[in-house]
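Descriptive structure summary
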Amino acid sequence: MPGRNNVISDASIKRVVLVGAGHAHLHVAQNAREFVRRGVDLVLVDPGKFWYSGLATGMLGGIYEPALDQVDAQRLIERAGGRFIADTAAGLDREKRALHLASGATLPYALVSINVGSEVALPHLSGEDHAALRGTWGSGPRIWTVKPIANLWRLRQQLEQRFQPAAAAPLPGPPRVVVAGGGPTGCEIALNIDALARKCGARIRLSLISRSPQLISRQPRGAAKALAACLQRRGIELIAGSALQGIETDRLLAGGQSYPFDLLVLATGLKPARVIADMNLAEAGEGSGMQVGRNLRWTSDPAIFGAGDCIDFDGRELPKLGVFGVRQAPLLLHNLLAALDSQPLKDYQPQKNYLAILNLGCGDGLATWGPFYWRGRASLWWKDRIDRRFLASYQQRE
Ligand SMILES: Cc1cc2nc3c(=O)[nH]c(=O)nc-3n(C[C@H](O)[C@H](O)[C@H](O)COP(=O)(O)OP(=O)(O)OC[C@H]3O[C@@H](n4cnc5c(N)ncnc54)[C@H](O)[C@@H]3O)c2cc1C
């Protein structure tokens, strides 16, 4: 890989390493010149492009094309004078202040910042359940997780292929698709799979299984009711109050019942990316986030910062939402520079309320803000505008 070896062997240069092109690191990468001006080598390590979750369910539903939903993080940081390494972090040597990469290389740092996001939290599955995850359906997997976001583009391609009767192996009836997870993501996924099927003129049997009796249980009750009504109108079967107990190759067990599927999508919540534990940053145990203080600095080592879904903030878990990483971004940039300059750090104040807008896959959005909610075209228009503006702010500068 060009440019990697020369970075890695030189321990004399003052270096700040950004691990993961998450929301907060996009902002830091865009401001790489601030580091270069101080004679600091700013390096971003990520396996590829940033995929944005805000438009991801609309991409699955066929409204958006995948190119719109990505940011080329390499171009973003290189344009601002920083450097990019296409690799993944595998471990951290805090004594030597060095990051270990999956390729086997080692990257020394003065400061390291972690923004590696999250993965789907699979409810206690047995070894057999995990074997079932490897089953196939047509050209792709039979079981998908909603993270990484790029999965949703591959899922759309697989569905579009299956929805063409001539291309797919004949099925005895319409494909049976099950989405597990009654949170905002599971609901959006089910509604947008339905939207894609309608767009392709295909018939499917679609079910949504929710552990909680109420959908989107952290949001207003009225919004949950509006969502349940929307699923019903679209002919999506809702199985609420059924906790997932196990997965076989072609059926899942939930609430004591067995549900057959041709395709299963798991949207059963998010937990910090497993590399947090691999780097020995998950002090509270496997699946926990790295504990950062109010200034986003890891509580056990002043050379380590963190942001986004992979952190626990000031002793508590924040909602696993991109908007939190976006708000942390300017603070993280400030604090990395302040740490280099031996200046005081600032505190991040998490927002109490946040705007969440679900794409219902029919041209409508369902917006919630604290106890309020609105359903309609204006909500989706607003979401589209916010998301496009966010992406454009990084894509224009690629
Ligand atoms: C389908 C779906 C829809 C969603 N919709 C919304 C929404 O509308 N609004 C909202 O606020 N939130 C939404 N979320 C939640 C949102 O996706 C996450 O909260 C958000 O992505 C977290 O951002 P982050 O910056 O922590 O990490 P991410 O944006 O996930 O970025 C992490 C980066 O780290 C990289 N990485 C991972 N491991 C390593 C490693 N070992 N080494 C190097 N790099 C690594 C990844 O490649 C990735 O580029 C949605 C989630 C899903 C699944």
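As shown above, the structure is provided for reference.
The present account deals with the structure reproduced in this document. (Residues numbered from 1 in each chain as written. Predicted model: local features only at pLDDT ≥ 70, side-chain atom pairs only at ≥ 80, totals over all residues. Heavy atoms only, no water.)

Section: the pattern of salt bridges
Tallied over the full model, the rule gives 19 salt bridges. Ionic pairing is found between R94 and D301, a salt bridge with its closest N-O pair at 3.5 Å. Of this pair, R94 sits in the loop between β6 (89–93) and β7 (98–101) while D301 sits in the loop between β22 (290–292) and β23 (304–306), and the two are 207 residues apart along the sequence. Using a relative accessible area of 34% as the deciding quantity, one classes R94 as partly exposed. Taking the relative accessible area as the measure of exposure, D301 reaches 7% and is therefore buried. Among the ionic pairs, K271 bridges to E119, the shortest N-O distance being 3.9 Å. A residue pair is termed long-range when its members are at least 10 positions apart, and K271 in strand β21 (residues 270–272) and E119 in strand β10 (residues 118–120) qualify at 152 residues. Residue classification places K271 among the partly exposed residues on the basis of a relative accessible area of 25%. (Salt bridge = Lys/Arg side-chain N within 4 Å of Asp/Glu carboxyl O. Helix = DSSP H or I, 4+ residues; strand = E, 2+ residues; numbered from the N terminus. Buried < 20%, exposed > 50% of the residue type's maximum accessible area, 1.4 Å probe, protein only.)

Remarks on the site of the ligand
In the vicinity of the ligand, 29 residues are found, and the nearest of them are H23, D46, S53, A89 and D309. Measuring from an oxygen atom of the ligand, one finds a backbone N or O atom of H23 at 2.8 Å. Here an oxygen atom of the ligand and a backbone polar atom of D309 are 2.8 Å apart. For the ligand, whose accessible area on its own is 990 Å², the fraction buried by protein is 86%. (Near = heavy atom within 4 Å. Polar contact = N/O pair within 3.5 Å; in protein donor to acceptor, adjacent residues only side chain to side chain. Areas by Shrake-Rupley, 256 points an atom, 1.4 Å probe, with all protein chains shown as cover.)

A look at the packing of helix α7 (residues 150–162) against helix α8 (residues 184–200)
Orientation of α7 relative to α8, taken along the N-to-C sense of each, is 35°, at an axis distance of 11 Å. By crossing handedness, the relation of α7 to α8 is classed as right-handed. In contact with L152, R156, L159 and E160 of α7, α8 contributes I189, I193, L196 and C200. A per-class count over the contact of α7 with α8 returns six nonpolar, no polar and two charged. (Axes fitted to C-alpha atoms, helices over the stretch in contact; angles between N-to-C directions. Left-handed = near helix turned anticlockwise from the far one by under 90°. Contact = heavy atoms within 4.5 Å. Nonpolar A, V, L, I, M, F, W, Y, C, P; charged D, E, K, R; others polar.)

Examining the sheet that holds strand β20 (residues 263–266)
Judged by pairing direction, the sheet is parallel, and its five strands sit side by side in the order β13-β20-β14-β15-β16 without closing on themselves. Here the strands that pair on one side only, and so sit at the sheet edges, are β13 (143–145) and β16 (237–240). Strand-to-strand, the axes of this sheet are offset by a mean angle of 20°, without reference to chain direction. In this fold α7 packs onto β13 and β20, with an angle of close to 150° to the strand it touches most, β13. (Pairing = 2+ DSSP bridges.)

Points about empty space enclosed by the protein
All chains considered together, the criterion is met by two cavities of 30 Å³ or more. Within this model, the largest cavity holds a volume of roughly 50 Å³. What lines the largest cavity is G308, D309, I311, L318, P319, K320, L321, F324, G325 and Q328. Per element, the largest residue contribution to the lining of the largest cavity is three residues, and it comes from helix α11 (residues 322–340). Here the residues of the lining of the largest cavity are counted per class, giving five nonpolar, three polar and two charged. Approximately 40 Å³ is the volume attributed to the second largest cavity. What lines the second largest cavity is P272, A273, R274, I276, A277, A282, E286, G287 and S288. (1 Å grid on protein atoms, 1.4 Å probe; cavity = no way out; pocket = protein on both sides within 12 Å on 5 of 7 lines; lining within 4 Å. Points joined across faces, edges and corners; volume = space filled by probe spheres on them.)

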